[in-house]
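Coordinate analysis (summary)
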Amino acid sequence: MSRSNWKRIVVKVGSALIAPNRQGCSSHYLLSIAQFIVRCRAQGIQVVLVSSGSVAAGAHIFPEQSKKDIAVKKAMAAAGQTEMMATWDKLFDFPSAQILLTHADLRDRERYVSIRDTTFSLLEHGVLPIINENDTVTTDKLKVGDNDNLSAMVAACADADALIICSDVDGLYDKNPHKHDEAKLLSWVDNINADIYAMAGGAAEDGVGTGGMKTKIEAAEKAVSHGIDTFIINGFTELSFNLLLDGKNPGTHFQAHEKPMKENIHWMTHTSNAQGEVVINEDFTDSLDDNVDALTSKEIIDVKGEFSVGDTILVRREDGTKLAKAKSNYSSCLLNFIANQDNQEFASEFEEKTGPIISEQHIAVLENK
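Residues numbered from 1 in each chain as written. Predicted model: local features only at pLDDT ≥ 70, side-chain atom pairs only at ≥ 80, totals over all residues. Heavy atoms only, no water.

Let's talk about the confidence of the model for the protein
How we decide: pLDDT measures the predictor's confidence residue by residue and takes values from 0 up to 100. Contact criterion: two residues are considered in contact whenever any of their non-hydrogen atoms come within 4.5 Å of each other.
A residue-level look at the protein finds 92% of positions with pLDDT of 70 or above and a mean pLDDT of 87. Taken together, the stretch residues 203-210 has pLDDT below 50 and engages in 16 contacts with residues farther than four places along the chain or on a different chain.

A word on the pattern of salt bridges
Defined as follows: Criterion for a salt bridge: a side-chain nitrogen of Lys or Arg within 4 Å of a carboxyl oxygen of Asp or Glu. The helix count covers DSSP runs of H or I at least four residues long, the strand count covers runs of E at least two residues long, and both are numbered beginning at the N terminus. Burial classes: relative accessible area under 20% of the type maximum marks a residue as buried, over 50% as exposed, and values in between as partly exposed (1.4 Å probe, protein chains only).
What the rule picks out here adds up to seven salt bridges. Here Lys12 ties to Asp148 by a salt bridge, and the two come within 3.0 Å at their closest N and O atoms. Of this pair, Lys12 sits in strand β1 (residues 8-13) while Asp148 sits in helix α7 (residues 147-157), and the two are 136 residues apart along the sequence. A relative accessible area of 6% means that Lys12 is categorised as buried. Through salt bridges with shared partners, one network takes in Lys12, Asp148 and Lys216.

Notes on helix α11 (residues 263-270)
Of all eight residues making up α11, six are buried, and the element is well covered by its neighbours. Within α11, burial applies to Ile265, His266, Trp267, Met268, Thr269 and His270.

Some remarks on the packing of aromatic side chains
Aromatic ring pairs are reported here in terms of the distance separating the ring centres and the angle at which the planes meet. The cut-off we apply is this: Side-chain rings of Phe, Tyr and Trp (the six-membered ring for Trp) are treated as a pair once their centres are within 6.5 Å; stacked means planes under 30 degrees apart, edge-to-face means over 60, and tilted covers the remaining angles.
Per the counting criterion, the structure on display carries six aromatic pairs. Taking the centre distance of 6.1 Å and the plane angle of 5° together, the rings of Trp88 and Phe92 count as stacked. Its relative accessible area of 0% is what places Trp88 among the buried residues. Their ring planes at 25° and their centres at 4.9 Å tell us that Phe92 and Phe94 sit as a pair that is stacked.

A look at the sheet that holds strand β13 (residues 363-365)
Let me state the cut-off plainly: Being paired, for any two strands, means DSSP has found at least two bridges between them. The angle between two axes is taken between their N-to-C directions and runs from 0 to 180 degrees, where each axis is a line fitted to C-alpha atoms and a helix contributes only its stretch in contact.
Reading across from one edge, β10-β9-β11-β12-β13 is the order of the five strands in this open sheet, with mixed pairing throughout. The sheet is open, and its two borders are formed by β10 (300-304) and β13, each paired with just one other strand. Neighbour to neighbour, the strand axes of the sheet diverge by 20° on average, direction disregarded. Here three bridges tie strand β12 (residues 322-327) to β13, and the two strands are oriented antiparallel to one another. Paired with Ala324 across the strands is Val365, a residue of β13. Here α11 sits on the sheet in contact with β11 (312-317), β12 and β13, set at roughly 70° to β13. Most of the contacts of helix α12 (residues 332-339) go to β10, to which it runs at about 155°, and overall it touches β9 (276-280) and β10.

Focus: the sheet that holds strand β8 (residues 252-254)
Pairing is mixed across the open sheet formed by eight strands, whose spatial order is β3-β4-β2-β1-β5-β7-β8-β6. Pairing within the sheet leaves two strands with one partner each, and these edge strands are β3 (96-101) and β6 (188-189). In this sheet, strand β7 (residues 229-234) lies alongside strand β5 (residues 162-167) in parallel orientation, the contact comprising six bridges. Among the inter-strand pairings, Cys166 is bridged to a residue of β7, identified as Ile233. Helix-sheet contacts for helix α4 (residues 70-90) involve β1, β2 (46-51), β3 and β4 (128-133), and the interaxial angle to β3 is about 150°. Across the sheet, helix α9 (residues 213-224) is in contact with β5, β7 and β8; its angle to β5 comes to roughly 175°.

Notes on the pairing of β5
Burial analysis of β5 places six of its six residues in the buried class, which makes it a mostly covered element. Neither face of β5 is open: one carries Ala162, Ile164 and Cys166, the other Leu163, Ile165 and Ser167, and all of them are buried.

A short note on the packing of helix α2 (residues 30-42) against helix α10 (residues 238-245)
Threshold: Should an angle fall under 35 degrees it is taken as roughly parallel, and over 145 as roughly antiparallel, whereas 65 to 115 is taken as roughly perpendicular and any remaining angle as oblique. For any helix crossing, the convention is left-handed if the near helix is rotated counterclockwise from the far helix by under a right angle, and right-handed if that rotation is clockwise. Each residue is assigned to one class: nonpolar for Ala, Val, Leu, Ile, Met, Phe, Trp, Tyr, Cys and Pro, charged for Asp, Glu, Lys and Arg, and polar for all the others, Gly among them.
Relative orientation of the contacting elements α2 and α10 amounts to 15°, with a least axis distance of 9 Å. By the criterion of interaxial angle, the relationship of α2 to α10 is roughly parallel. Here the hand of the crossing between α2 and α10 comes out right-handed. Along the contact surface, α2 presents Ser32, Ile33, Gln35, Phe36, Arg39 and Cys40, while α10 presents Glu238, Phe241, Asn242, Leu244 and Leu245. Split by residue class, the contact of α2 with α10 holds six nonpolar, three polar and two charged.

What about the state of the cysteines?
Spelled out, the test is: In what follows, a disulfide is any cysteine sulfur pair within 2.5 Å.
A full pass over the atoms with the stated rule returns zero disulfides. Between Cys40, a free cysteine, and Cys166, which holds the nearest cysteine sulfur, the sulfur-to-sulfur gap is 11 Å. Residue classification places Cys40 among the buried residues on the basis of a relative accessible area of 0%.

Points about unusual backbone geometry
Within the chain, Asp159 stands out as a residue other than glycine whose phi angle is a positive 55°. Along the chain, Asp159 falls in the loop between α7 and β5.

Quick word on helix α6 (residues 109-124)
We count it as follows: To estimate how far a helix should reach, multiply one less than its number of residues by 1.5 Å. Read the arc as the range of directions from the helix axis to the C-beta atoms. Polar contact is the term for a pair of N or O atoms within 3.5 Å; when the atoms are in protein, one must be able to donate a hydrogen and the other to accept it, and sequence-neighboring residues count only if both atoms are side-chain atoms.
Spanning 16 residues, α6 covers 23 Å between terminal C-alpha atoms, matching the ideal 22 Å at 1.5 Å per step. Considered for burial, the residues of α6 that qualify are Tyr112, Ile115, Arg116, Thr119, Phe120, Leu122 and Leu123. With its buried residues spanning 160° around the axis, α6 presents them on a single face. Turned more than 90 degrees from where α6 packs its buried face, Glu110 and Glu124 sit exposed. Of the residues flanking the start of α6, the one acting as N-cap is Asp108, its side-chain oxygen 3.1 Å from the backbone nitrogen of Glu110. In the segment just after α6, Gly126 is the residue with positive phi, at about 75°.

Pasting the structure below:
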């Protein structure tokens, strides 16, 4: 999709742009991003901003020796979030709104729909949604962990046409450009595979952000599968944004899939975490795409974890092959009970009355096995 067809975009800005020296927020690099957002809105393009930076913005308030303390890091986020929002607000002459999320908000279907509705309402009223992970309250169990992947989840949630991820380099190179002068920029990627991930290397090394090129590739993979064109660009240069507005590619363009996943299937595949696993025997060869009812308690050899009716589960074979993620119609307790029945006739009659373990409208068959 060309820029002329954009109706809604998501722009992701990292901590290194917000607070490059961890001495509070700086507008130095944000002015060109803000101007880009203003110019997009002037052309009728709705914008959602995913902004990291709360921890980096609040770091200078706390003594150096305390920065490894988790509670202090959360306090940094609490203090820095207000400064970050104030900095963005000064750069715009239109209203903005703060949305703080945890992964628990996104993986719960009811809350996910609520986030969609709120975002759409803000956009309809000309308000710029500014979204960040709620680092003050999140835990290892509840967090996304990096705002690259969060931005992809937000882009899918907001039905965006494009996701623009700002980086400290011009895009994806075939090797680390900071270490190899001969590194070549990939301007176009139409298939994200193991080779592409190998080019991404490890995590960020500057100590400011939580992601690196790998998380940006993960985000691109999530986004393009939803039909969202994704760009990794250099957020430190104004030229990147001018080129985008001119309809040119300033970095790496990851092409959206021609046949994107349905919204609910994408949510289950890329946003909802499995709360447990159902392990089935190796002899099960039916296609869950075509015949989900074929999965019965007879095929189950183990139930792992604790989950309730309506939770997302992973269906896999004993050898570890992942078959699908799905909404479970049974709790782990009940599923264990019927799967362990010696009397198969009782189990079959029970399932006939209660219904299938998973339903065809609530299953995402996994391609990467």
